[in-house]
Amino acid sequence: TLTVLAFTVPVFERNVYGSLPDALRVNLGIDFNDSYNMIKLAKMAAQAGGLDYFMSATFWVFIVICPTLRPVTQLILLHVPMTPKRQRSLHTLSRHVAAYYAFEVMLVAVPLIHMAFGPMSAAMLNKYSFGEVCNPLLALYPNPSETCFEMRIDESLGYTFTIAAVGVFLLTGFDGSPTHKYMHKKLYPDDRPPPTCGRFY
């Protein structure tokens, strides 16, 4: 459930602030503010076509498909009766699927974009660098910080779900997690998968 919420609920919002976007919003009805979930990002990655389809497919695999398949295959192993051979085959497949999991990348990427986009966009277009554009707009559409243009990327509710999903995955999904070690012990009683801590599994 957390995994599905993580990639379906908006993970960040784009908020464009300043006199220039205010003027565009009031006069032309153009609003650059928007929210994005991971599925929307995957679709946007393919908009240009060509090799971008490959980039989009990679995003789908690491952000949607494999993060969903790993817990599903684990639940099947825990609750669906199968022969030992089929259980071991599914366990192997499930472990390989876990290698294509990249929610933790989103945990790093969203704050980095947040820190970079705001100051960079504000420095590119302001009353000092583009006074002939910004100063008249600031006179017509003033704001307390005298900002001409700033693009902010702010974490949204989906980012919280992503944090929770990664936390659960650390306990259940990664090789060496308690859930993985429990299933491995049931399937291979004579083997001790790393990491081990003394004599405990």
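Bear in mind the structure is a predicted one, so any value in this text is a computation, not a measurement.

Engineer: So what about the sheet that holds strand β3 (residues 150–155)? Which residues, and what values?
Structural biologist: Strand order in this open sheet of 3 strands is β2-β1-β3, and the pairing throughout is antiparallel. Only two strands of the sheet have a single partner each, and these edge strands are β2 (34–36) and β3. Within this sheet the neighbouring strands show an average axis-to-axis angle of 25°, counted without direction. With 3 bridges connecting them, strand β1 (residues 12–17) and β2 associate as antiparallel partners. Paired with Glu13 across the two strands is Ser35, which belongs to β2.

Engineer: Lay out the environment of Phe117 in plain terms, naming residues and giving numbers.
Structural biologist: Tracing the backbone shows Phe117 in helix α6 (residues 103–124). Taking the C-alpha atoms as reference points, Phe117 and Leu171, separated by 54 residues in sequence, lie 33 Å from one another. Here Phe117 is in contact with Met151 and Ile153, once residues within four sequence places are set aside.

Engineer: An account of the pattern of salt bridges is requested, with residue identities and associated values reported.
Structural biologist: Going through the model one piece at a time under the given rule, you end up with 7 salt bridges. We note a salt bridge from Arg25 to Asp31, for which the minimum N-O separation is 3.5 Å. Classification of Arg25 as partly exposed rests on a relative accessible area of 29%. A salt bridge links Arg70 to Asp175, with the nearest nitrogen and oxygen atoms 3.9 Å apart. With Arg70 in helix α4 (residues 52–79) and Asp175 in the loop between α8 (157–172) and α9 (178–187), the pair connects residues that are 105 residues apart, well separated along the chain. We classify Asp175 as partly exposed; its relative accessible area is 39%. Here the salt bridges do not stand alone but share partners, grouping Asp22, Arg25 and Asp31 into one network.

Engineer: Help me get a handle on the packing of helix α2 (residues 19–28) against helix α7 (residues 131–140), residues and values and all.
Structural biologist: Running from amino to carboxyl end, α2 crosses α7 at an angle of 65°, the nearest separation of the two axes being 9 Å. Like other packed secondary-structure pairs, α2 and α7 cross with a definite hand, here left-handed. Between α2 and α7, the contacting residues are Ser19, Leu20 and Ala23 on the first element and Cys134, Leu137 and Leu138 on the second. Its residues assigned to classes, the contact of α2 with α7 shows 5 nonpolar, 1 polar and no charged.

Engineer: Lay out the packing of α6 against α8 in plain terms, naming residues and giving numbers.
Structural biologist: One way to put it is that α6 packs onto α8 with a least axis distance of 9 Å and a crossing angle of 140°. If you check the angle between α6 and α8, you find them oblique. Crossing geometry of α6 relative to α8 is assigned as left-handed. The residues of α8 that touch α6, namely those facing Phe103, Glu104, Met106, Leu107, Val110 and Pro111, are Tyr159, Thr162, Ile163, Ala165 and Val166.

Engineer: Talk me through the packing of aromatic side chains; I want residue IDs and the actual numbers.
Structural biologist: Considering all chains together, one arrives at 6 aromatic pairs under this definition. An angle of 5° between the planes, with centres 3.6 Å apart, marks the rings of Tyr101 and Phe169 as stacked. In this pair, Tyr101 is assigned in the loop between α5 (84–98) and α6 and Phe169 in helix α8, connecting sequence segments 68 residues apart. Given the relative accessible area of 5%, Phe169 is considered buried.

Engineer: Any details on the nonpolar core? Residues and values, ideally.
Structural biologist: Nonpolar side chains in soluble globular proteins tend to end up buried together. One finds Val11, Phe12, Met38, Ile63, Phe103 and Met106 to be the most contacted residues of the largest nonpolar core, which totals 21 residues. For this core, the secondary structure elements donating two or more residues are α1 (2–8), α3 (38–45), α4, α6 and α8. In this structure, Phe103 is in contact with Thr3, Ala6, Phe7, Met38, Ile63, Pro67, Thr162, Ala165 and Val166, ignoring residues within four places of it in sequence. Listed in part, the 6 residues of the second largest apolar core include Val16, Leu125, Cys134 and Met151.

What counts, and where the lines are drawn
- Residues numbered from 1 in each chain as written.
- Predicted model: local features only at pLDDT ≥ 70, side-chain atom pairs only at ≥ 80, totals over all residues.
- Heavy atoms only, no water.
- Pairing = 2+ DSSP bridges.
- Helix = DSSP H or I, 4+ residues; strand = E, 2+ residues; numbered from the N terminus.
- Axes fitted to C-alpha atoms, helices over the stretch in contact; angles between N-to-C directions.
- Contact = heavy atoms within 4.5 Å.
- Salt bridge = Lys/Arg side-chain N within 4 Å of Asp/Glu carboxyl O.
- Buried < 20%, exposed > 50% of the residue type's maximum accessible area, 1.4 Å probe, protein only.
- Left-handed = near helix turned anticlockwise from the far one by under 90°.
- Nonpolar A, V, L, I, M, F, W, Y, C, P; charged D, E, K, R; others polar.
- Parallel < 35°, antiparallel > 145°, perpendicular 65-115°, else oblique.
- Phe/Tyr/Trp six-rings, centres within 6.5 Å; stacked < 30°, edge-to-face > 60°.
- Core = buried A, V, L, I, M, F, W, Y, C linked by side-chain atoms within 4.5 Å.

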